[in-house]
Amino acid sequence: MRKSLEAVILKNAKADWLNSPIVCVADVNSPLIRNIRTHTFENHLMPEDILPTARVVISYFLPFRKEYALTNSEGIDPSEIWVRLYVDTNKIIEEVNLALVSKINELGYSADFFKGGFDENKIMSRWSQKHIAEAAGLGKFGVNNLLITKVGSCGRFGSVVSDIPVECDLPMTDELCLYKSKGKCGVCIKRCSVKALSLEGYNRKVCYERCLSNEIKYGADVCGKCAVNIPCAFFGVK
């Protein structure tokens, strides 16, 4: 059953700028899910807020291909291609989610996904795809506040909540961030022109202000400078 769900994601997540997706499944009763508000904020949604009968969260990562992502290497403004990657990949995530829900319904189970909601005071989504992905075992957070997966951190996450009985994964234990694992690197900190990143933590407000400025200029609240030209951006992918 799980393979059929992974096949749906693979089929619907095809684009010139994407490498093959990776998929993991979180048990909604796992500690990282039950305690997710401790790591995010008090109004973060729980899986049962999206689907009352929730048993699992199917989380997936869509890795960007290097040749597209690296267009965002130079300067302090996002490249035109990077802006398009963000916007078009969001559309693909919605298509994948709809296809997954349809397949799960076909198998006789229920499913749904986060439709949006952002807390402007906390500057956080009410459904953190990265924290959900961490709980599912897709990766670990780096100094740049990105989730680093086995194929890197340069890409986008999506997820679907369901009551389908499928095998779940355990959270990753190994640190993939070089600074966290070996006490060296910090390239992402140097890449951030607004100094939102430091070894002391992530300044969400400063980062958000830059993204809002870019939305006015380029039509999408993106930046992505900390996601490219860093050691953890790509692991063994094109």
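Up top is the structure.
Definitions and limits used
Residues numbered from 1 in each chain as written. Predicted model: local features only at pLDDT ≥ 70, side-chain atom pairs only at ≥ 80, totals over all residues. Heavy atoms only, no water. 1 Å grid on protein atoms, 1.4 Å probe; cavity = no way out; pocket = protein on both sides within 12 Å on 5 of 7 lines; lining within 4 Å. Points joined across faces, edges and corners; volume = space filled by probe spheres on them. Helix = DSSP H or I, 4+ residues; strand = E, 2+ residues; numbered from the N terminus. Nonpolar A, V, L, I, M, F, W, Y, C, P; charged D, E, K, R; others polar. Salt bridge = Lys/Arg side-chain N within 4 Å of Asp/Glu carboxyl O. Pairing = 2+ DSSP bridges. Contact = heavy atoms within 4.5 Å. Axes fitted to C-alpha atoms, helices over the stretch in contact; angles between N-to-C directions. Parallel < 35°, antiparallel > 145°, perpendicular 65-115°, else oblique. Left-handed = near helix turned anticlockwise from the far one by under 90°.

Asks: Quick one: what's the story with the layout of surface pockets, residue by residue and with numbers?
Replies: Its volume calculated, the largest pocket comes out at about 1,600 Å³. Residue lining of the largest pocket: 49 residues in total, with Y86, S125, K130, R156 and D221 positioned closest to the centre. Looking at the lining of the largest pocket, the elements that each hand over two or more residues are α6 (80-106), β5 (124-125), α7 (129-136), β8 (155-162) and α10 (204-218). Here the element with the most residues in the lining of the largest pocket is α6; it accounts for six residues. Looking at the lining of the largest pocket, its residues break down into 26 nonpolar, 14 polar and nine charged. If you trace the second largest pocket, you find it lined by E6, L10, P21, I22, V23, C24, G137, L138, K150 and M172. Within the residue set of the lining of the second largest pocket, elements represented by two or more residues are α1 (2-12) and β1 (22-27). At three residues, the largest contribution of residues to the lining of the second largest pocket is made by β1. Class assignment of the residues belonging to the lining of the second largest pocket gives a composition of seven nonpolar, one polar and two charged.

Asks: Can you tell me about the pattern of salt bridges, naming the residues and giving the values?
Replies: Applying the stated criterion to the full structure yields ten salt bridges. The shortest N-O distance in the salt bridge between R2 and E6 comes to 3.0 Å. In this pair, R2 and E6 both sit in helix α1, four residues apart, roughly one turn of the helix. Taken together, the shared-partner salt bridges in this structure form one network comprising R2, E6 and D169.

Asks: So what about the sheet that holds strand β3 (residues 111-112)? Which residues, and what values?
Replies: Pairing between the strands of a sheet is mediated by backbone hydrogen bonds and can be parallel or antiparallel. One open sheet accounts for four strands, arranged β1-β2-β8-β3; its pairing is antiparallel. Of all strands in the sheet, those with a lone pairing partner are β1 and β3, marking the two edges. Pairing of β3 with β8 involves two bridges; the strand directions are antiparallel. Residue pairing in the sheet places A111 in a bridge with S162 of β8. The strands touched by α1 are β1 and β2 (56-63); relative to β1, the strand with the most contacts, the crossing angle is about 130 degrees. Of the strands in this sheet, β1, β2 and β8 touch α7, which is tilted by about 70 degrees from β8.

Asks: Talk me through the packing of α1 against α6; I want residue IDs and the actual numbers.
Replies: Packing of α1 against α6 leaves a shortest axis separation of 9 Å and a crossing angle of 150 degrees. Relative to α6, α1 is oriented roughly antiparallel. α1 and α6 meet at a crossing whose hand is right-handed. Counted together, S4, L5, V8, I9 and N12 of α1 and I92, V96, A99, L100, K103 and I104 of α6 form the full contact between these two elements. Grouping the amino acids of the contact of α1 with α6 by side-chain chemistry returns eight nonpolar, two polar and one charged.

Geometry only, nothing functional implied.
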